[in-house]
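# Survey of secondary and tertiary structure
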Amino acid sequence: MVIALILLPIRWHIDLQPWASSSHSLDSEAIRFLRYITTTQIICSHRIKNGQTDQSVDASKPWTVCLDEKFNLAHQIRNKQCRVYSLGLGEDDNNFEVNMASRGCEVHRFDPSIASTQIHEGERLWHHRLSIDWRDPKPAIATHKLHITTKKLGTILNEFGHWKIDVLKADMESAEWKILENLILEGVVEQIGQLIFEIHLHWPGFEVSGNDSSVVRYWYSLFKELERKDFKLFYTYKDLSKPQRFLKKEIYNASSCYILSWVNTRWT
Ligand SMILES: *[C@@H]1O[C@H](CO)[C@@H](O)[C@H](O)[C@H]1NC(C)=O
Ligand SMILES: *[C@@H]1O[C@H](CO)[C@@H](O)[C@H](O)[C@H]1NC(C)=O
């Protein structure tokens, strides 16, 4: 018997895009990046905000999925096979999670601030006291710690035996860049059907370094990696209730906070 082992090359860093201009100025990087995050790439005609059909009564953040028939999510919901992961840090607004669960999705919410290690609420909603990180804890630390509360998403998928996530929602207060980088480098992003990220632009983010132009070029390069994997942006929302600041400055009429939704078009 021949067992075929497919060895995927390990990637250590993402591919950086060329600079937007030869001057490497913040202006040119920022204009390119802001144009990118405010321009949808594919039309979704059946967008659902917070899992609700009635959009009028909803004042919470617009976590948006696409239920167009040409994408997989609508079928998965109909067949009660959809799985949603939600990554957060002490978010009290659970409308999205509760509504997706009542639509028949299996919803896993990961949040280090919940009271017990695991709460099973209703038939389809789980709360896990876990924080998603872009690296696993060091083994030396892990063995000394009774409760490991930090894991990579890929590790959790393996432990749960989940091959696919239909929707990944992430509200990670500036850890989103390194988490997204980790999902790209480890190929985990290919296991995801739709992505909804809140992104934060008032500072570079955790463990993102370099001057302002390099930071914006890095952010942009992450999204170009998604695009290369055929993720298409179908929803973009500028949060006007947050400070209107971009890398600590009031410039480019930008907000410090946007919510973006992509669909993996290889999953159709
Ligand atoms: C920022 O740093 C990069 C790489 O270190 C450099 O190429 C670039 O010229 C710098 N940009 C500015 C505006 O100083
Ligand atoms: C700034 O952004 C707001 C909200 O998106 C928009 O209504 C306004 O027209 C923008 N102003 C300029 C000068 O672009």
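Predicted, not measured: the structure shown is a model, and the values here were computed from it.

Our focus in this paragraph is the overall build of the protein. When helices and strands are tallied, the protein shows seven helices and twelve strands. Of all 268 residues assigned to the protein, the portion counted as buried reaches 51%. A separation threshold of at least 6 residues defines the contact pool for the protein, and within that pool the share at least 24 residues apart is 67%.

The subject of this paragraph is the packing of aromatic side chains. Where two aromatic rings form a pair, the distance of their centres and the angle of their planes describe that pair. According to the stated counting rule, one finds eleven aromatic pairs in the structure shown. When the centroid spacing of 5.4 Å and the interplanar angle of 50° are considered together, the rings of Phe 33 and Trp 219 count as tilted. Placement of Phe 33 in helix 1 (residues 26-37) and of Trp 219 in helix 7 (residues 212-228) is noted, with a sequence separation of 186 residues between them. The exposure classification of Phe 33 matches that of Trp 219, with both residues buried. Between Trp 203 and Phe 206, the ring centres sit 5.0 Å apart and the planes meet at 85°, which makes this aromatic pair edge-to-face. Among the aromatic side chains, those forming a connected cluster through ring pairs are Phe 33, Trp 177, Trp 219, Phe 223, Phe 246, Tyr 252 and Trp 262. The ring of Trp 267 is capped by Lys 164, whose NZ or CZ atom sits 4.8 Å from the centre of that ring. The ring of Trp 63 has Lys 169 lying over it, and the distance from NZ or CZ to the ring centre is 4.5 Å.

Grouped together as the largest cluster of nonpolar side chains are 51 residues, with contacts concentrated most on Phe 33, Trp 177, Ile 199, Leu 201, Trp 219, Phe 223 and Phe 246. Those residues in contact with Phe 246 that lie beyond four places of it in its chain are Leu 26, Ala 30, Phe 33, Leu 34, Leu 201, Val 216, Trp 219, Ile 251, Tyr 252 and Ala 254. Ile 48, Trp 63, Ile 77 and Ile 259 belong to the second-largest nonpolar core, a separate cluster that totals 17 residues.

What follows deals with the sheet that holds strand 9 (residues 165-170). Read across the sheet, eight strands follow the order 5-6-4-3-9-10-12-11 without closing on themselves; strand pairing throughout is mixed. The sheet is open, and its two borders are formed by strand 5 (118-121) and strand 11 (231-238), each paired with just one other strand. Within this sheet the neighbouring strands show an average axis-to-axis angle of 15°, counted without direction. Both strand 5 and strand 6 (residues 125-128) contribute to a ladder of four bridges, which runs antiparallel.

Relative to the assigned elements, Asp 111 resides in the loop between strand 4 (106-110) and strand 5. Put simply, Asp 111 and Ser 86 are 25 residues apart on the chain and 8.4 Å apart in space, counted from C-alpha to C-alpha. If sequence neighbours within four positions are ignored, Asp 111 has contacts with Gly 88, Leu 89, Gly 90, Glu 91, His 128, Arg 129 and Leu 130. For Asp 111, the side chain forms a polar contact with the main-chain nitrogen of Gly 90, separated by 2.7 Å. A distance of 3.3 Å separates a polar atom in the side chain of Asp 111 from a polar atom in the side chain of Arg 109.

Summed over all chains, the structure comprises 23 salt bridges. Several salt bridges converge on common partners, so that one network encompasses Arg 11, Asp 15, Glu 225 and Arg 228.

For a regular strand, the rule is simple: side chains alternate between the two faces of the sheet. The element strand 3 (residues 83-87) is extensively covered by neighbouring structure, given that five of its five residues are classed as buried. Note on the crossover from strand 3 through helix 3 (residues 95-102) to strand 4: the handedness is right-handed. When strand 3 meets strand 9, the two strands line up parallel, connected through four bridges. When the bridges of strand 9 are listed, Leu 87 appears paired with Ala 170.

What follows concerns the environment of Arg 266. Examined against the element boundaries, Arg 266 turns out to sit in the segment after strand 12 (257-264). Along the backbone, Arg 266 and Gly 193 are 73 residues apart, and their C-alpha atoms lie at a distance of 8.5 Å. There is a polar contact of 3.2 Å between the side chain of Arg 266 and the backbone oxygen of Arg 228.

Parameters and conventions
Residues numbered from 1 in each chain as written. Chains lettered and ligands numbered in written order. Predicted model: local features only at pLDDT ≥ 70, side-chain atom pairs only at ≥ 80, totals over all residues. Heavy atoms only, no water. Helix = DSSP H or I, 4+ residues; strand = E, 2+ residues; numbered from the N terminus. Buried < 20%, exposed > 50% of the residue type's maximum accessible area, 1.4 Å probe, protein only. Contact = heavy atoms within 4.5 Å. Phe/Tyr/Trp six-rings, centres within 6.5 Å; stacked < 30°, edge-to-face > 60°. Lys NZ or Arg CZ within 6 Å of the ring centre and 35° of its normal. Core = buried A, V, L, I, M, F, W, Y, C linked by side-chain atoms within 4.5 Å. Pairing = 2+ DSSP bridges. Axes fitted to C-alpha atoms, helices over the stretch in contact; angles between N-to-C directions. Polar contact = N/O pair within 3.5 Å; in protein donor to acceptor, adjacent residues only side chain to side chain. Salt bridge = Lys/Arg side-chain N within 4 Å of Asp/Glu carboxyl O. Right-handed = clockwise from strand over helix to strand, strands pointing away.

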